[in-house]
Amino acid sequence: MVQRYQSPVRVYKYPFELVMAARRTRSPFLCAPRRPPTSASPPLPLQIAGVEHVVFVQTNILNWKERTLLIEAHNETFANRVVVNEHCSYTVHPENEDWTCFEQSASLDIRSFFGFENALEKIAMKQYTANVKRGKEVIEHYLNELISQGTSHIPRWTPAPVREEDARNQAGPRDPSSLEAHGPSSTLGPALEAVSVDGDKLDADYIERCLGHLTPMQESCLIQLRHWLQETHKGKIPKDEHILRFLRARDFHLDKAREMLRQSLSWRKQHQVDLLLQTWQPPALLEEFYAGGWHYQDIDGRPLYILRLGQMDTKGLMKAVGEEALLRHVLSVNEEGQKRCEGSTRQLGRPISSWTCLLDLEGLNMRHLWRPGVKALLRMIEVVEDNYPETLGRLLIVRAPRVFPVLWTLISPFINENTRRKFLIYSGSNYQGPGGLVDYLDREVIPDFLGGESVCNVPEGGLVPKSLYMTEEEQEHTDQLWQWSETYHSASMLRGAPHEVAVEILEGESVITWDFDILRGDVVFSLYHTKQVPRLGAREPGTRASGQLIDKGWVLGRDYSRVEAPLVCREGESIQGSHVTRWPGVYLLQWQMHSPPGSVACSLPGVDDVLTALHSPGPKCKLLYYCEVLASQDFRGSMSSLESCTSGFSQLSAATSSSSGQSHSSSLVSR
């Protein structure tokens, strides 16, 4: 695998000619057209193999007229196994002709090296980047030495007057050493014309001032990811601090950060997040009952956001404004947080890339563990983790009640490990005094409801009146349509007209998982297996066949078999389940209207029954469903965390719901 390094633009605040004089002082060969082969100490694996020196060949192209120096170097030792290329350039600063810019890039391609490929690759890049910044320090040392000796200015090169005999001899051979003294030859013109300082390149001083201290490899990752965006992204290029967050979230693994950023940019474009702060106006009800808001800064200069979750009626807000409105409000908070970080950076003159959240849990109770509310919270956490990484600098949780460990058990598996390290949890009054909030907030910033001196204007929340709740149709319009387009599919059933989904299994050991919500009516869910291919209607590419698929001529037990016992699902229930397949073939997920206990069940309705149901008014069932096929080993790998989350849910559901949910050997039922 080819390893690449790209430096930012490093600026010497000295003229080009003086920098070249410093290079000649360091070594007389550094400005020569072709430097003799030089040797360097090899990495440790090569020393173990008995290699004492590695030979490199370097070529310099110095153009006094254009004031540029190009340096190219490659290895001669083990060139058939390892390819090392380095490119450096000295150019005039585009905005100040008395300054000099330096830029370098390198690539390392280890094709084969006695089994030491990975070790050699890591050690070589580590040694290379360790010497990158040291090179600038060496040049600055010789610059200071020249100035101390009285050499602070060197005249620029000017062409000498051309005499007639010199003009006749210009076409003759020329000594390569004259390049340095008399300027470039005409053959070097095209190559040197391409040398320029791109205005989109990053300056090392800018990185240190606005983004913080980065190692050379971290700088290289930032520049490479930024360059990739400039080449491939057609929309607005994210700001450098935003790109850097994705690199930090993936420990500066370039490929992983690139994929994470690519998905996030696609998500932002799909949902027009860039326009959110200009277009989103929270409903008046949300502004009144959402107990969160911005409140000055913490002790490190980070913007401070206060959320009084314990005083907030999450269930009432979801029923009054819908989950989608809550999610958009949370996204607007994160967008505002990034904007405030930029303002703090300008105000303080140092990088501020994250914000602090003060989470007050006084009043948290079982009402806050309402399952749809927790599901919405998990969705919000997932969206924020994927698209706003490394924006939370610290989370201060105060007055955590006894029920908090239950909530923490549910949500912690969905929070990144790096984010969890930023959590500080205080129960009771432990947040007061040394070791508490005073270590992270100035006393004049601590809000009054926590015993501080600052008057906090964050809304106090409270119960949302039920008279403000949306009707079922309004909730469906605001929330469910979004879910349909994103993940879930909708289906309606009439008596005698079930809804069926075909899932083809090519291997015996697979796992079919399902998740569906009953929006209206009572439904019976069943799972069948058949080796025959059911009749499939027209459908879009990439989608599963659905509708009424079981042929009316099929006989249960002969043409198809039931692999899961029927499960009665009541209106308002959410069902999650799975089935480990034993045989390849087609599996049919079926939902049909629940018949009263006295009626006779019929698995295959006749044509007359279906036509009657379709053309006559009657009760109608409706659901949202999602199904997926996983490899057996992948599913089992996540079973422990899945069960730990759902087991708590089933207990909470039983404690908070007046009606008892039904369970199935492979399905979880909750309200």
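- Going by the annotation in an unreviewed UniProt entry, the name recorded for the protein chain is SEC14 like lipid binding 5, with Gorilla gorilla gorilla given as the source organism.

1. Comments concerning the overall build of the protein chain
Logical step 1: Counting secondary structure elements, the protein chain contains 21 helices and 22 strands.
Logical step 2: Across the 671 residues that make up the protein chain, the buried fraction comes to 46%.
Logical step 3: For the protein chain, restricting intrachain contacts to residue pairs at least 6 apart in sequence, the fraction spanning at least 24 positions comes to 77%.
Logical step 4: Carbon and sulfur atoms make up 51% of the accessible area of the protein chain, which amounts to about 35,000 Å² in all.

2. Here we look at helix 7 (residues 204-211)
Logical step 1: Residues of helix 7 that are buried: Ala204, Ile207 and Leu211. Take helix 7 and look down its axis: the buried residues cluster within an arc of 75 degrees, on one side only.
Logical step 2: Capping the start of helix 7, aspartate 203 holds a side-chain oxygen 2.6 Å from the backbone nitrogen of aspartate 205, two or three residues further along.
Logical step 3: Glycine 212, located one to two residues past helix 7, shows a positive phi value of around 100 degrees.

3. Structural notes on the pairing of strand 16 (residues 523-530)
Logical step 1: The element strand 16 is extensively covered by neighbouring structure, given that 8 of its 8 residues are classed as buried.
Logical step 2: On strand 16, burial covers both faces: Val523, Phe525, Leu527 and His529 on one face and Val524, Ser526, Tyr528 and Thr530 on the other are all buried.
Logical step 3: In the sheet, strand 16 pairs with strand 18 (residues 561-569) via 6 bridges, with the strands oriented antiparallel. Its bridge partner being in strand 18, tyrosine 528 is matched across the sheet by arginine 562.
Logical step 4: Sheet topology places strand 16 next to strand 20 (residues 585-593); 8 bridges connect them, and they run antiparallel. Paired with phenylalanine 525 across the strands is tryptophan 591, a residue of strand 20.

4. Section: the environment of cysteine 357
Logical step 1: Tracing the backbone shows cysteine 357 in strand 10 (residues 355-360).
Logical step 2: Judged by its relative accessible area of 10%, cysteine 357 is buried.
Logical step 3: Once residues within four sequence positions are removed from consideration, cysteine 357 is found in contact with Tyr305, Leu392, Arg394, Leu395 and Leu396.

5. A word on the sheet that holds strand 12 (residues 423-427)
Logical step 1: Taken in spatial order, the 5 strands make up an open sheet running 8-9-10-11-12, and their pairing is mixed. Edge positions in the sheet fall to strand 8 (292-297) and strand 12, since each of these pairs with one other strand and no more. Within this sheet the neighbouring strands show an average axis-to-axis angle of 20 degrees, counted without direction.
Logical step 2: Pairing of strand 9 (residues 303-307) with strand 10, which is carried by 4 bridges, proceeds in the parallel orientation. Bridge assignment links leucine 304 to a residue of strand 10, and that residue is threonine 356.
Logical step 3: Strand contacts of helix 14 (residues 323-348): strand 8, strand 9 and strand 10, with the helix running at about 10 degrees to strand 8, the strand carrying the most contacts.

Procedures and definitions
- Residues numbered from 1 in each chain as written.
- Predicted model: local features only at pLDDT ≥ 70, side-chain atom pairs only at ≥ 80, totals over all residues.
- Heavy atoms only, no water.
- Helix = DSSP H or I, 4+ residues; strand = E, 2+ residues; numbered from the N terminus.
- Buried < 20%, exposed > 50% of the residue type's maximum accessible area, 1.4 Å probe, protein only.
- Contact = heavy atoms within 4.5 Å.
- Areas by Shrake-Rupley, 256 points an atom, 1.4 Å probe, with all protein chains shown as cover.
- Arc of directions from axis to C-beta.
- Polar contact = N/O pair within 3.5 Å; in protein donor to acceptor, adjacent residues only side chain to side chain.
- Pairing = 2+ DSSP bridges.
- Axes fitted to C-alpha atoms, helices over the stretch in contact; angles between N-to-C directions.

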